[in-house]
Amino acid sequence: MIRIDDLHKSYGATAAVRGLSLAVGPGRICGLIGPDGAGKTTTMRIVCGLLAPDRGTATVLGRDCTREARAIKSRLGYMPQRFSLYPDLTVAENLRFFADLFAVGRQERARREAELMEFSKLGPFRERRAGRLSGGMKQKLALSCTLIHTPEVLVLDEPTTGVDPVSRREFWRILRDLANRGLALLVSTPYLDEADLCDDIVLMHGGRAIARGTPAEVAAGFPRRLLEVRGPGLSAAIALLRETPVAGTDARRYGDRLHVVYTDQDQAAAVRARLAGLAVEVSPVGPGIEDAFVALLEGAS
Amino acid sequence: MGPLASLMRKEFLQLRRDHAMLRLVLVLPIVQLLVLSYALDNDLRNVRVSVLDEDRTPLSRGIADALWESDVFVPGPPLASGDDLARSLKVGRCDLAVRIPAGLARDVAGNRSAAIGVHVDGTNSSTGGRAAGYAEAAIARAATGRDGRVGAVRFFYNPELESRLYMVPGIIVMIATIVSAMLTGMAIVREKELGTLEQVLVTPLGSLQYVAGKSAPYALIALVDLALATGFAAVWFHVPLAGSPLVLLAGVLAYLAVTLSLGLIASVVSDTQQQAMFTVWFFLVFAIMLSGFFFPIENMPPWARVLTWLDPMRFFLAIVRGVLLRGAGFGDLARDLLVLAGMGAASFTGAVLAFRRATS
């Protein structure tokens, strides 16, 4: 339902997108993953018809995003990265305003509003000004406003940035629910742990896709193996491996655990031997998307 | 509700919640009208006249008395000599000094020509010139014992030549201009800063609808302001509404189309509210200065007079003064109304095109 072919876009001398291609089918969540400046927002704005590409095409539901932007608008929902609703209007007024702009009929609007209030749990806050909502509620209201006209395609630019972990999980549950209803979703995120929640991911860097596929496929593309280290002695283990590293291995901390990348069994044995006696648990794990992405990024730059 | 009506409804909702803005828009213009109408009063009053009487005859004393009797002049400090006269003018102890030379009474009696010196502080060219005129007339009257004027002059429409009758409509025009241009000047750029414009742009709302929806609410506010100000001017300052309100309304609508659209254009080309504000101010200063409000257009150099043809305020000012004071009708103001309507159509189109260009 969304199709991008060899897309290019530059701002003056700065190339934002350089030859990106991707496709999102109905019922699928496609994650655009990458650091700031990777070209995610530019790509999304082109898909929404807010920006014209220099080269290449983007189509939504078979229509060109630039030339036929108007025809697409009523079937597409876009949630920009910044909270962009009227802070001085209430939840209900914001919803109604966007319903009117999309020419949603009165009865349809009432039905849709009830439905959206139900799933977003914003019902009790109907009369609250949007500016006084919490971060998570703001994002749910913004999503509700982009859903008011029952679009078939959703484009969400970093919808969970600045949202607490509980709200993030809830938000993703809603997105999955929408996909189950047949919507095609293009979602960008800087959070690597959200990649696993997508059906397909495109890792972007410097305006290009450096990897793509299902999360499992992308992770499997990681060529080396991993040992996971966790436990109360983690800090000591990190210090030890930093002082006297095992040749050919690479240690990286992810929150409460340490990933040690190795290639052959001798290296694994050496790491285990060095950490023996510390209060840590060492176990082999399959590579996560984060390991793959970090390795790919290092390879790319 | 249609998209256009909904956009207007939203603007009103937001304005109603913005109490500070509401006060600014509805109360400040009246305060401005009151203060400025009293402040910008340039009727001649309390001009200090000092007399150097070297003649010392009943005639010379009569001349001095005649000057001081008028409403315009009050006695300044007495002068002892020519040097004293020059010094008094220079340090501002008097605004006007009259030197009556010795032998004046004799010359007048002998029907010989006589010269009375009128020395004026010309720092303020406008009041200085007029004060000299008054003084000359008063002196001639006193010296010859008859009215010095040859023709009988009668002033129409403003018989007392009250400057307030002339100034108040100008102030109303200025307020309407500032309110309308400023409000729309902020209108779009604020949504840019909030990020809401991006959200509106992905809806099927058209450029024309957006620009119309953004200007209509502010047109209404400007109309309310104008009605308040005109009513206030009538009740408080007794500025008449000599002509038809319909002619006035036609002029107002055409003029608001211009100022609201120019404000929107400033808003479209700006990235921040400060930029928009500056752009609008730049336009306002030109519009006010070239409108003939403070400086008569006839006194401007030819190239500047040509420039005034680009100033919508010039035409609106002519309409407002014409309708209020002279009771001018559609026929009398046809040129001004047509030019203004043309400018309104052009700038509204310009605003729609500018918006379309900026967003696609």
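Residues numbered from 1 in each chain as written. Chains lettered and ligands numbered in written order. Predicted model: local features only at pLDDT ≥ 70, side-chain atom pairs only at ≥ 80, totals over all residues. Heavy atoms only, no water.

(A) Spatial organisation of the packing of aromatic side chains. With the rule as written, the count across this model stands at eleven aromatic pairs over all chains. Their ring planes at 55 degrees and their centres at 6.3 Å tell us that B:Phe294 and B:Phe295 sit as a pair that is tilted. Its guanidinium or amino end placed over the ring of A:Tyr191, A:Arg168 lies 3.9 Å from that ring's centre, counting from NZ or CZ. Stacked on the ring of B:Phe315, the Lys or Arg B:Arg314 has its end atom at 5.2 Å from the ring centre. (Phe/Tyr/Trp six-rings, centres within 6.5 Å; stacked < 30°, edge-to-face > 60°. Lys NZ or Arg CZ within 6 Å of the ring centre and 35° of its normal.)

(B) Broad picture of the packing of helix H4 (residues 58–69) of chain B against helix H7 (residues 125–144) of chain B. Residue and element names in this part refer to chain B. Contact geometry of H4 with H7 gives a least axis separation of 9 Å together with a crossing angle of 140 degrees. By the angle between their directions, the pair H4 and H7 is classed as oblique. Once H4 is placed against H7, the crossing between them reads as right-handed. Taking contact as the criterion, the partners of Leu59, Gly62, Ile63, Ala66 and Leu67 in H4 are, on H7, Ala135, Ala138, Ile139, Ala142 and Ala143. (Axes fitted to C-alpha atoms, helices over the stretch in contact; angles between N-to-C directions. Helix = DSSP H or I, 4+ residues; strand = E, 2+ residues; numbered from the N terminus. Parallel < 35°, antiparallel > 145°, perpendicular 65-115°, else oblique. Left-handed = near helix turned anticlockwise from the far one by under 90°. Contact = heavy atoms within 4.5 Å.)

(C) Fine view of the interface of chain B and chain A. Across the boundary between the two partners, chain B contributes 24 residues, which contact 26 residues of chain A. Summed over both partners, the interface of chain B with chain A buries about 2500 Å², with 57% contributed by carbon and sulfur atoms. Three residues stand out in chain B for area buried against chain A, namely B:Arg17, B:Gln199 and B:Val202, and they jointly supply 26% of the buried area on that side. At the surface where chain B touches chain A, the tally comes to two salt bridges. A salt bridge links B:Arg17 to A:Glu93, with the nearest nitrogen and oxygen atoms 2.7 Å apart. Here the side of chain B that touches chain A gets eight residues from one element, more than from any other, and that element is helix H1 (residues 3–17) of chain B. Of the residues that constitute the side of chain B that touches chain A, the class distribution is ten nonpolar, seven polar and seven charged. (Buried area = accessible area lost by both parts, 1.4 Å probe. Salt bridge = Lys/Arg side-chain N within 4 Å of Asp/Glu carboxyl O. Nonpolar A, V, L, I, M, F, W, Y, C, P; charged D, E, K, R; others polar.)

(D) Local environment of the domain arrangement of chain A. Residues and elements named next belong to chain A. Annotation of chain A at the domain level lists domain 1 (2–216) and domain 2 (221–300). When each unit is reduced to the centre of its C-alpha atoms, the spacing between domain 1 and domain 2 is 36 Å. On the domain 2 side, the residues contacting the 14 residues of domain 1 number six residues. Each partner contributes to the roughly 820 Å² buried at the junction of domain 1 and domain 2, and carbon and sulfur atoms together form 85% of this total. By the criterion of area lost to domain 2, the three top residues of domain 1 are Leu192, Leu203 and Ile210, representing 54% of everything that side buries. Linking domain 1 to domain 2 there are zero salt bridges. Run the count over domain 1 and domain 2 and you get zero residue pairs in polar contact (both at pLDDT 80 or more). Tallying contributions element by element places strand E9 (residues 200–205) first for the side of domain 1 that touches domain 2, with four residues. When its residues are assigned to classes, the side of domain 1 that touches domain 2 shows ten nonpolar, two polar and two charged. (Domains from an automatic or database assignment. Polar contact = N/O pair within 3.5 Å; in protein donor to acceptor, adjacent residues only side chain to side chain.)

(E) Seen up close, helix H5 (residues 82–91) of chain B. All names here are of chain B. Residues of H5 that are buried: Asp84, Leu85, Ser88 and Leu89. In an axial view of H5, the angular spread of the buried residues amounts to 130 degrees, which keeps them on one side of the axis. Set apart from the buried face of H5 by more than 90 degrees, the exposed residues are Asp83, Lys90 and Val91. Those residues of H5 that are buried are in contact with strand E1 (47–53), strand E3 (96–100) and strand E4 (117–120). Phi turns positive, to about 80 degrees, at Gly92, one or two residues after H5. (Buried < 20%, exposed > 50% of the residue type's maximum accessible area, 1.4 Å probe, protein only. Arc of directions from axis to C-beta.)

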